[in-house]
Amino acid sequence: MASAHGVDASRPDGDRSPATDAASALLCALIEHGVRHIVLSPGSRSQALALVAAELERRGLVHLHVRIDERVSGFTALGIGRESAMPAVVVCTSGTAAANLVPAALEAHHAGVPLILLTADRPPELRGVGANQTTRQPGMFSPNTRYEADLPTPETVDAEGDDEQSAMLRAVAADAVAAALGAGLRSAGPVHINLPYREPLAGALPEWLGVPETELAVEPDVDLDAPPEPQAPDEEAFGALYQGGGGIGEADLPAEPDDDPFVLERGPRTIVVAGADAGPTAEELAHLGGWPLVAEIVSGARYGRHLVHGYRTLLADPALGGRVERVVVLGHPTLSREVAALLSRPDVEVLALRGPGEPLNLNGETVAIDSVAVASGEADREWLGEWMLASRAASIDLSPPAPDAAALSSAVPNERLGAIAAELAVVRAPLDRTTLVDAVWRATWPHDRLVFGSSRLVRVADTVLGGKKVRVHSNRGLAGIDGTIATATGVALASQAGGEAGVTRVLLGDLTLLHDVGALLLPPGEREPRIQVIVGNDGGGTIFDGLEVAAVAGGDAMNRVLYTPHTTRLEHLALAYGWEYQRVTTRTALDQALTSPVGGRQLIEVPLER
């Protein structure tokens, strides 16, 4: 017979488990330190954590999200952390389950997103002896974590919630949240706590579950500031980051931050570059300094009076980009070769605000700074004016032509019929990539969220769209296509957790969708977020058509190993996973789909030519 707490009431009161008591102390402490979301993938070794999480959800203390795929769990938590700026906790079992969290941990590290990974494990005596579902989990995330610990195996039950084991776990929880938020470090990022458990793997929930720490009688001789020493891997895995070009990068442990901001003196011809996640600070700096602002579509700074439209063309212009003497970089620029070329020039002074991951240093002489201030004095209005004049000329007006009112009301039949035919042609015109990104951009407002996949469409959007102050997310830390739907789902869950208005829209390509198709699955009973997944379906990876490989590869090889065509019926996928589905081919139909009330999950397919 089960009690109201989901525990078998026929079991003796002494049928307690050290694993359950330890899980209770750890999860409750994490909640006390601000964690509000737990993303869980089921497993045997992690069952104590899972059952405690279920009870905490029942009591209304935490939002619990269950995903059968650990990779989906990791990216869902990443999305929650992106939107809320607080770490979500991921719970999983041992073995490959833990390894599936590596992609999300890498992105969290490079993008500076808080994330806490709790991986259940076999006890030490079962490691390295061929035990089932056992691998070396301590150190699995070492090059990328802000804090990690392989905790002792729980040995005792805790009658009152105040023994030494529980006190240690509360101290670890405090350290984990602080580290995930970037305390004492350059940025927020992932934390890994490995949790070995022996059988019995679950037992009755302790009566003190959910009782605040301040109400527990903690023993006076327990040092709450002394968590156990993390067990380092045997190899030298710490302090280095792998760089994509091959080789070892700078140590990940940052230098001491400067106490005083770096003062940007007047004089050098300067522009501000805002990469991914730069945020409003980039626009504020450009405004304060009177400098042109080159802001990627994923920067969160693509607005303001100094925004440069068509920046790719202008950076390649010797009369503008060629005369730049100083660049101040915020965020992580990744979307254009023109920006990369500028930041690689040895004759340009590049100042980069420190962020997560590897320090920016494409020209070998980039100066990393912690904060900036603008010196007093007159702005270079001539320099700014040249950029703004060129920006206006380079801006793209994507508005459809206004109706010919005179012709529509003309008494001359041929004039009136011609005007009607022109209007019908506009309404019936098929969508292309430019009109697709424009429609999504126009439909999105400050109370909404927009998530870009690392597809061809984000580059189109970066090329043609104007300025607008909306909340944008994209996994540009490593710019992979994996986890996009899961990340967007996490963004939606976090942004709507308190009943807030708005829709989360995801704009991505068909391969990015298929790569994360498992994230379409939500368990029955969980609240559905308001989310629209807009898929530009061109039948494969057309992003390669614009890269150098298209000029050297034969057609058959190009299709086989790069374009990778598919014939997936997206409407069947949507039906199988319980999503509403629409297929739209015209701008009018797309505008209607995007602006109609959204009550749950929608998948909107837009067929595109290769």
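This section reports on the structure supplied with the text. Remember, predicted model here, so these are calculated numbers, not experimental data.

### Considerations on the packing of helix α1 (residues 18-32) against helix α6 (residues 164-180)
Axis separation between α1 and α6 bottoms out at 8 Å; the angle between their running directions is 40 degrees. The way α1 lies across α6 gives a crossing that is right-handed. Together, P18, A22, A25, L26, A29 and L30 of α1 and Q165, S166, L169, R170, A173 and V177 of α6 make up the contact between the two elements. Class assignment for the residues of the contact of α1 with α6 results in nine nonpolar, two polar and one charged.

### Considering the pairing of strand β10 (residues 326-330)
Most of β10 sits inside the fold, with five of its five residues counted as buried. Side chains R326, V328 and L330 project from β10 onto one buried face, and the interleaved V327 and V329 project onto a second face that is buried too. In this structure, strand β8 (residues 270-274) lies alongside β10, joined through five bridges in parallel fashion. Counted as the bridge partner of V273 is V329 from β10. One ladder, built from four bridges, connects β10 with strand β11 (residues 349-353); its direction is parallel.

### A word on the nonpolar core
Of all hydrophobic cores here, the largest spans 44 residues; its most connected members are L27, L30, I116 and L118. Of all the secondary structure elements, the ones that give two or more residues to this core are α1, β1 (37-40), α2 (47-58), β3 (88-92), β4 (115-121), β5 (147-150), α6 and β6 (190-196). Residue contributions to this core peak at ten residues, all from α1. By size, the runner-up hydrophobic cluster in this structure holds 39 residues, among which are F75, A108, A111 and V451.

### Comments concerning the sheet that holds strand β18 (residues 580-583)
For sheets, the rule is that strands pair by backbone hydrogen bonds, running either parallel or antiparallel. Spatially, β15-β14-β16-β17-β19-β18 is the arrangement adopted by the six strands of the open sheet, whose pairing is parallel. Unpaired on one side and paired on the other, β15 (471-474) and β18 mark the two borders of the sheet. Going across the sheet, the axis of each strand differs from the next one's by a mean of 20 degrees, ignoring polarity. Alignment of strand β16 (residues 504-509) against strand β17 (residues 531-537), held across six bridges, turns out to be parallel. By the bridge assignment for β17, L508 is matched with V535.

### Looking at unusual backbone geometry
P200 follows E199 through a cis peptide bond whose omega is 0 degrees. Within the fold, P200 resides in the loop between β6 and β7 (262-264). The backbone phi angle of Q133 is positive, close to 55 degrees, even though this residue is not glycine. Here Q133 shows up in the loop between β4 and β5. Positive phi values are uncommon outside glycine, yet D277 reaches one of about 65 degrees. Looking at the secondary structure, you find D277 in the loop between β8 and α7 (280-289).

### Notes on the packing of aromatic side chains
The final tally for this structure, using the stated rule, is one aromatic pair. Where W383 meets W387, the ring centres are 5.8 Å apart and the plane angle is 75 degrees; that geometry is what we call edge-to-face. One end of the pair is W383 and the other is W387, both in helix α10 (residues 381-394) and four residues apart, which spans about a single turn. For W387, a relative accessible area of 0% gives the class buried. Its guanidinium or amino end placed over the ring of W383, R269 lies 5.9 Å from that ring's centre, counting from NZ or CZ. K468 extends its terminal NZ or CZ atom over the ring of W445, reaching a point 4.1 Å from the ring centre.

### Here's the deal with the pattern of salt bridges
This structure, assessed with the given rule, holds 27 salt bridges. One salt bridge connects R587 with D438, and the closest N-O pair in it is separated by 3.0 Å. Highlighted residues: R587 in helix α20 (residues 587-595) and D438 in helix α13 (residues 433-443), separated in sequence by 149 residues. You can call R587 buried: its relative accessible area is 17%. Within this structure, R302, R312, E338 and D462 form a network of salt bridges that share partners.

### Details of the environment of Q496
Here Q496 lies in the loop between α15 (484-495) and β16. Residues Q496 and P529, 33 residues apart in the sequence, show an inter-C-alpha distance of 7.2 Å. Excluding residues within four positions of it along the chain, Q496 makes contact with G502, V503, T504, R527, P529 and R530. Polar contacts involving the side chain of Q496 include one to the main-chain amide nitrogen of R530, which spans 2.9 Å.

### Let's talk about the side chain of E148
Within the element layout of this structure, E148 appears in strand β5. It is R136 that comes nearest to the buried, bridge-free E148 among opposite-charge side chains, at 8.5 Å. At 2.8 Å, the side chain of E148 and the side chain of S142 are in polar contact.

### Details of the sheet that holds strand β12 (residues 367-369)
Pairing is parallel in the open sheet, where five strands are placed in the order β9-β8-β10-β11-β12. Every interior strand has two partners, whereas the edge strands, β9 (293-295) and β12, have only one. In this sheet, adjacent strand axes meet at a mean angle of 20 degrees when their direction is disregarded.

### Focus on α7
All buried positions along α7 are accounted for by A282, E283, L285, A286 and G289. Considered in projection along α7, the buried side chains sweep an arc of 160 degrees and stay on one side of the axis. Close packing links the buried residues of α7 with β7, β8, β9, β10 and β13 (372-374). Phi turns positive one or two residues past the end of α7, at G290, with a value near 70 degrees.

Conventions we followed
Residues numbered from 1 in each chain as written. Predicted model: local features only at pLDDT ≥ 70, side-chain atom pairs only at ≥ 80, totals over all residues. Heavy atoms only, no water. Axes fitted to C-alpha atoms, helices over the stretch in contact; angles between N-to-C directions. Helix = DSSP H or I, 4+ residues; strand = E, 2+ residues; numbered from the N terminus. Left-handed = near helix turned anticlockwise from the far one by under 90°. Contact = heavy atoms within 4.5 Å. Nonpolar A, V, L, I, M, F, W, Y, C, P; charged D, E, K, R; others polar. Buried < 20%, exposed > 50% of the residue type's maximum accessible area, 1.4 Å probe, protein only. Pairing = 2+ DSSP bridges. Core = buried A, V, L, I, M, F, W, Y, C linked by side-chain atoms within 4.5 Å. Phe/Tyr/Trp six-rings, centres within 6.5 Å; stacked < 30°, edge-to-face > 60°. Lys NZ or Arg CZ within 6 Å of the ring centre and 35° of its normal. Salt bridge = Lys/Arg side-chain N within 4 Å of Asp/Glu carboxyl O. Polar contact = N/O pair within 3.5 Å; in protein donor to acceptor, adjacent residues only side chain to side chain. Lys, Arg positive; Asp, Glu negative; His and termini not counted. Arc of directions from axis to C-beta.

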